[in-house]
Amino acid sequence: MTAAKPPQAAKSPRRAVAAADRTRQPTEVRRRLIVEAAVPLIAERGYASVGVRDVAAAAGVSVGTVTYHFGSVQEILSEAMVLHIERYYAALSEAAEHATSGAEALRLLVDALFTEDTDRHWRMWFDYWNAGDQDPDQPFARGQGQRYEAWHTQIRELAERGVADGEFASDDLHGFTVRFAALADGLALQRLRQAPLLSTQDARRHLNRLVETELRPRA
């Protein structure tokens, strides 16, 4: 006769962890963590080569967490590009603010636009604009327009400062601003493609030549 098995003790039901005891990051903190993780991915691979799984792995979260906080991959990547661009131009503004004159501020701006470390920025900048061409979303397009308007404002304010300080004479600051921004973009694209070859020193030289030609020293 087989001995009867001793009755097993009933398992205690698992206690739910009180909400106050769980370590859960606020939504905005979690969103920021995901966006921060996406920035280097875009810089290294390009906007079109980054997927939601890549972002989740870089952020150390599940794919479900990413899709819970963001409606699309493009939403993540557009916020990541905006974050990078804002930081980049904030650093440029800070450098210019510490300049002793408008002329020096413009020189610092030119120097900061083209260094051995800025190719990553320019790659993201052009990715940002290409993403807008592929997205019919009007808020995205408006955001791009506002960002470019802020960039134009920054350039013009530095030129106006030089005029106010008596360093420059110009009767077309608006035109100078447009041409400076356009030349910077064109040089950046040539720098990335290296067709024809373009060094950071030559890129700076071309921009500085524009400043010297259009913002005439006051007699």
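Being a predicted model, the structure only gives us computed values, none of them experimental.

Cut-off values and rules
- Residues numbered from 1 in each chain as written.
- Predicted model: local features only at pLDDT ≥ 70, side-chain atom pairs only at ≥ 80, totals over all residues.
- Heavy atoms only, no water.
- Helix = DSSP H or I, 4+ residues; strand = E, 2+ residues; numbered from the N terminus.
- Buried < 20%, exposed > 50% of the residue type's maximum accessible area, 1.4 Å probe, protein only.
- Contact = heavy atoms within 4.5 Å.
- Axes fitted to C-alpha atoms, helices over the stretch in contact; angles between N-to-C directions.
- Parallel < 35°, antiparallel > 145°, perpendicular 65-115°, else oblique.
- Left-handed = near helix turned anticlockwise from the far one by under 90°.
- Nonpolar A, V, L, I, M, F, W, Y, C, P; charged D, E, K, R; others polar.
- Salt bridge = Lys/Arg side-chain N within 4 Å of Asp/Glu carboxyl O.
- Expected span 1.5 Å × (residues − 1).
- Core = buried A, V, L, I, M, F, W, Y, C linked by side-chain atoms within 4.5 Å.

Chemist: Just checking my understanding: could you explain the overall build of the protein for this structure?
Modeler: Secondary structure assignment for the protein yields nine helices and two strands. Reading the protein from its N end, one meets helices and strands in the order α-α-α-α-α-α-α-β-α-α-β. Across the 219 residues in the protein, those meeting the buried criterion constitute 40%. For the protein, the proportion of contacts with a sequence separation of at least 24, taken over those separated by at least 6, is 70%.

Chemist: Whenever I open this one, the packing of helix α8 (residues 173-193) against helix α9 (residues 200-214) confuses me. Can you help?
Modeler: The packing of two helices is summarised by the inter-axis angle and the distance between the axes. Interaxial distance between α8 and α9 falls to 10 Å at its minimum, and their mutual angle equals 165 degrees. Here α8 is positioned roughly antiparallel relative to α9, judged by the angle of their axes. When you trace α8 past α9, the crossing you get is right-handed. Along the contact surface, α8 presents Phe 176, Arg 179, Phe 180, Leu 183, Ala 184, Leu 187 and Arg 191, while α9 presents Thr 200, Ala 203, His 206, Leu 207, Leu 210, Val 211 and Glu 214. In the contact of α8 with α9, the residues fall into nine nonpolar, two polar and three charged.

Chemist: What should I look at first to understand the pattern of salt bridges in this one?
Modeler: When the charged atoms of two side chains lie near each other, side chains of opposite charge can form a pair. Tallied over the full model, the rule gives 13 salt bridges. Put simply, Glu 79 and Arg 31 hold a salt bridge, and the shortest N to O gap is 2.5 Å. Taken together, the residues Glu 79 in helix α4 (residues 73-97) and Arg 31 in helix α1 (residues 27-45) connect sequence positions 48 residues apart. Judged by relative accessible area, Arg 31 falls into the buried class, the value being 14%. Arg 204 serves as the salt-bridge partner of Asp 111, at 3.8 Å between the closest nitrogen and oxygen. In this pair, Asp 111 sits in helix α5 (residues 102-113) while Arg 204 sits in helix α9, placing the two residues 93 residues apart along the sequence. A network of salt bridges, in which partner residues are shared, links Arg 31, Glu 75 and Glu 79.

Chemist: I would appreciate a short explanation of α8 in the present structure.
Modeler: Residues spaced three or four apart along an α-helix point in a common direction, a consequence of the helix completing one turn every 3.6 residues. Here α8 is 21 residues long and its end C-alpha atoms lie 30 Å apart, about the 30 Å a rise of 1.5 Å per residue gives. The set of residues buried in α8 consists of Leu 173, Gly 175, Phe 176, Thr 177, Phe 180, Ala 181, Ala 184, Asp 185, Leu 187, Ala 188 and Arg 191. Two residues or fewer past α8, Gln 194 is found with a positive phi of approximately 55 degrees.

Chemist: What's the story with the nonpolar core in this structure? I'm lost.
Modeler: Most often, soluble globular proteins keep nonpolar side chains buried together rather than apart. In terms of nonpolar packing, the biggest core is built from 60 residues, with Leu 109, Leu 113, Trp 151 and Phe 180 touching the most fellow members. Listing elements by their share of this core, those giving two or more residues are α1, α2 (52-59), α4, α5, α6 (119-133), α7 (138-164), α8 and α9. Among the elements that line this core, the one with the most residues is α4, at 11 residues.

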